[in-house]
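Coordinate analysis (summary)
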Amino acid sequence: MTIPPTNENASRLPAEEARIVSELATNSNETDSYFAVSKRWYKSWQKYVDEPLGGGGAAAAPRPGPIDNSDIIETDGRSLAVKEKNYLLVNQQVWKTLVEWYNGGPPVPRTFIILLLSHARDDDVTFIRLPKQASIRELYQKVCARTGVSQEKARIRDYYNMSKGQLLDPLSNKSLEESGLLMNRDILLEVEERGLAGLVNLGNTCYMNSAIQCLAHTPPIHEYFLRDHTHQGELARAFGELLKELWSSGTNAVAPGVFKTKVDKAAPEFIGHYQHDSHELLLALLTGLHQESDIVNVFQGQCKSSLVCPVCGETANTYEPFTSLSLPLPSTPTWSISLLSCLDEYLAQEPLGPDNMWLCPQCKEQRQANKKLDLWKLPEILVFQLKRFKTSKYFVKKIDTFVDFPVDELDLSKYVDKGESCLYELYAVSNHDGGIGLGHYTAYAKMIDDDNEWYCYDDSLVSPVHESEIVSSAAYLLFYRKRVGSDMDLS
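These figures come from a predicted structure and were not determined experimentally. (Residues numbered from 1 in each chain as written. Predicted model: local features only at pLDDT ≥ 70, side-chain atom pairs only at ≥ 80, totals over all residues. Heavy atoms only, no water.)

Description of the overall build of the chain
Definition in use: Numbering of helices and strands starts at the N terminus; helices are DSSP runs of H or I of at least 4 residues and strands are runs of E of at least 2. The cut-offs for exposure are 20% and 50% of the maximum accessible area for each residue type, with area from a 1.4 Å probe on protein chains only; residues under the lower value are buried, those over the upper are exposed, and the others partly exposed. Contacts are assigned to residue pairs that have any heavy atoms within 4.5 Å of one another. To measure how exposed things are, a 1.4 Å probe is used in the Shrake-Rupley method; for residues, cover is taken only from the protein chains shown.
Counting its secondary structure elements, the chain contains 11 helices and 30 strands. Of all 491 residues assigned to the chain, the portion counted as buried reaches 45%. Taking as baseline every contact in the chain between residues at least 6 positions apart, the subset at least 24 positions apart corresponds to 68%. For the chain, the exposed area adds up to about 24800 Å²; of that, 50% sits on carbon and sulfur atoms.

Observations concerning the nonpolar core
This is how the line gets drawn: Within this scheme, the nonpolar core is defined by two criteria: the residues are buried Ala, Val, Leu, Ile, Met, Phe, Trp, Tyr or Cys, and they are joined through side-chain atoms within 4.5 Å.
Membership of the largest hydrophobic core comes to 50 residues, with the highest contact counts inside it found for Phe225, Phe239, Leu246, Phe259, Phe299 and Phe479. Among residues more than four places away in sequence, those in contact with Phe479 are Cys214, Leu282, Phe299, Leu382, Val383, Glu425, Leu426, Tyr427 and Ala428. Ranked by size, the runner-up nonpolar core spans 37 residues in total, among them Leu329, Ile399, Tyr415 and Val465.

Points about the pairing of strand β26 (residues 423–433)
For clarity, the threshold we go by: The criterion for strand pairing is that DSSP finds at least two bridges linking the strands in question.
Burial analysis of β26 places 10 of its 11 residues in the buried class, the great majority of the element. For strand β25 (residues 410–411) and β26, the ladder comprises two bridges, and the chain directions are antiparallel. Each bridged residue has a counterpart across the sheet, and for Leu410 the counterpart in β26 is Tyr424. Bridge count between β26 and strand β30 (residues 475–482): seven bridges; the pairing is antiparallel. Note that in β30 the partner of Val429 across the bridge is Leu478. One ladder, built from six bridges, connects β26 with strand β27 (residues 440–446); its direction is antiparallel. Each bridged residue has a counterpart across the sheet, and for Asn431 the counterpart in β27 is Thr442.

What about the packing of aromatic side chains?
Quick reminder of the rule: For this analysis, a ring pair means two rings from Phe, Tyr or Trp (six-membered ring only for Trp) whose centres lie within 6.5 Å, classed as stacked if their planes differ by under 30 degrees, edge-to-face if by over 60, and tilted for the remaining angles. Only Lys NZ and Arg CZ are tested; either one counts as a charge over a ring when it is within 6 Å of the ring centre and within 35 degrees of the ring normal.
Enumeration over the complete set of coordinates arrives at 14 aromatic pairs. Here the aromatic rings of Trp41 and Tyr102 are separated by 5.4 Å at their centres, their planes lie at 80°, and the arrangement is edge-to-face. With Trp41 in helix α3 (residues 39–50) and Tyr102 in helix α4 (residues 92–102), this pair connects stretches of sequence that are 61 residues apart. Judged on exposure class, the residue Trp41 and its partner Tyr102 are both buried. Joined through ring pairs, the aromatic side chains of Tyr224, Phe225, Phe239 and Phe259 make up one cluster. Just above the ring of Phe112 sits the side chain of Arg129; from NZ or CZ to the centre is 4.4 Å.

Regarding the environment of Thr261
Relative to the assigned elements, Thr261 resides in helix α9 (residues 257–266). Its relative accessible area of 46% is what places Thr261 among the partly exposed residues. In sequence terms Thr261 and Leu235 are 26 residues apart; their C-alpha atoms lie 9.2 Å from each other.

Here's the deal with helix α11 (residues 339–347)
Rules: Of all possible arcs, the one meant is that of the directions from the helix axis to the C-beta atoms.
For α11, the full list of buried residues reads Leu339, Cys342, Leu343 and Leu347. Buried residues of α11 fall within an arc of 130° about the axis and therefore sit on the same side.

Concerning the side chain of Asp186
Worth spelling out the cut-off: Neither His nor the chain ends is counted toward charge; the positive residues are Lys and Arg and the negative residues Asp and Glu. We define a salt bridge as a side-chain nitrogen of Lys or Arg found within 4 Å of a carboxyl oxygen belonging to Asp or Glu.
Checked against the element boundaries, Asp186 lands in strand β10 (residues 185–191). Lacking a salt bridge, the buried Asp186 has Arg185 as its closest oppositely charged neighbour, with an N-O distance of 6.9 Å. Leaving out residues up to four positions away in the same chain, Asp186 has contacts with Leu116, Asp158, Tyr159, Tyr160 and Met162.

As for the pattern of salt bridges
Applying the stated criterion across every chain, the model contains 18 salt bridges. Between Arg63 and Glu17 there is a salt bridge, with its nearest N and O atoms 2.8 Å apart. Here Glu17 lies in helix α2 (residues 14–27) and Arg63 lies in the loop between α3 and β2 (67–68), a separation of 46 residues in the sequence. Exposure remark for Arg63: the relative accessible area of 8% places this residue in the buried category. Close ionic contact of Glu365 with Arg367 constitutes a salt bridge, the shortest N to O distance being 3.5 Å. Note on Arg367: relative accessible area 23%, which makes it partly exposed.

Thoughts on the pairing of β27
On a regular strand, each side chain points to the face opposite its neighbour's, so the side chains alternate between the two faces of the sheet. When you tally the buried positions in β27, you get six out of seven residues, the bulk of the element. Counted along the chain from β26 to the antiparallel partner β27, the turn is six residues long, and its residue Gly434 has a positive phi close to 95°. Bridge count for β27 against strand β28 (residues 454–458) is four bridges, and the pairing is antiparallel. Its bridge partner lying in β28, Ala443 is registered against Tyr457.

What about unusual backbone geometry?
That bond from Gly105 to Pro106 is cis: its omega, -5°, falls within 30 degrees of zero. Topologically, Pro106 is positioned in the loop between β6 (104–105) and β7 (109–119). If you check the backbone angles, Met162 has positive phi at about 60° while not being a glycine. Looking at the element boundaries, Met162 is found in the loop between β9 (154–158) and β10. Here the phi dihedral of Asp459 falls at roughly 55°; this positive angle occurs in a residue that is not glycine. As for its placement among the helices and strands, Asp459 is situated in the loop between β28 and β29 (461–465). Given a relative accessible area of 12%, Asp459 falls into the buried group.

Given below as structure tokens:
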């Protein structure tokens, strides 16, 4: 709709209107009083004042009609609400000027307040500026946009006098003013960060913390222990309680003191505060839990061990269970090798020594035999140990060879006889940095079925890590889980 220009309107060029509004918007001292203007109407005015003049000095775009805010307001019969994303804000002087020029309305005042947003995980305070008529839902949108926290994970509380108050409903259309959130009121942001808690180092217990974090992020393990039921054994109960704390929202770090005492009781070799091996702790923990729960069966696979007599061709097969595969690394200096080349070396045929002769059923006498391993039954959770520590009679040496291992897709199909699809994906890594005795264990773990992002667990500290950093020469234990739809039982 266009309106005929009055004498005053006719003498004022579009560029002059743009200049006046720009100066009023820039030079105003008002900080809390604003008016909402229909975005649709304002864009038509901008088009009118911004486009070059046509022939004879006429505006290229038509002059807009009266201000029409009907598309940005809605009423429930009791109160007026402003539709989200349909408006922009102008200060009081700009609003008065536009009304003098164009008439129309209705006026939709928006008085601003400042809220002081504290973060539950740190001491940062963020200033949140919103109209006091804004809804609690708009507050969530503003806070999440400023902090980068998804609305699904955000929880905002009244934080008057730095005391946790009422949890605000993220779907509420109740205004800030109606909710009692006035100027300079404190509010608290809590983030639903389940699984992002660290573990306090009790004194050289980084090896334990690393193994626990890998287990805590093993889907069938944490799903089982987070269920609301009573575990029978002391170790299983303590482990279940520890996992509940680790997966509680808002927890920063957990001290695993009670759990450590149960580990010491189940495996006395870990008593005290000496540095140990995360793989040895993992095996001891799985053994202890297996005595009290069947859930650790997800780690159990089988290798077929074949003894072959080269003289007569006689073969004897046995089936050996495993909860992890310990892969050898070359002791000679090598810059890089692949995980599958290490697995090939582990499974390769090798002759048994003269002191380990085999009584061949066919020959009826002691014969030197060749031993060959094959993967027979693959577990749901497959753990590889990269044997970085080589022990001799007089010393222990660490092998820092870089092992390249797949993150998204480990295909083991070629290692099984029947050709089934055996695909795995990496979800956790136990790392060892440094040398013998002075090293430090950390863990990488992926938040599966959540944001699928990787995090670094360094005792009490938890921080995001890019997937490109996961494969490193510090990798010691690799935790893979069977991909959905991949066959597992090869027997």
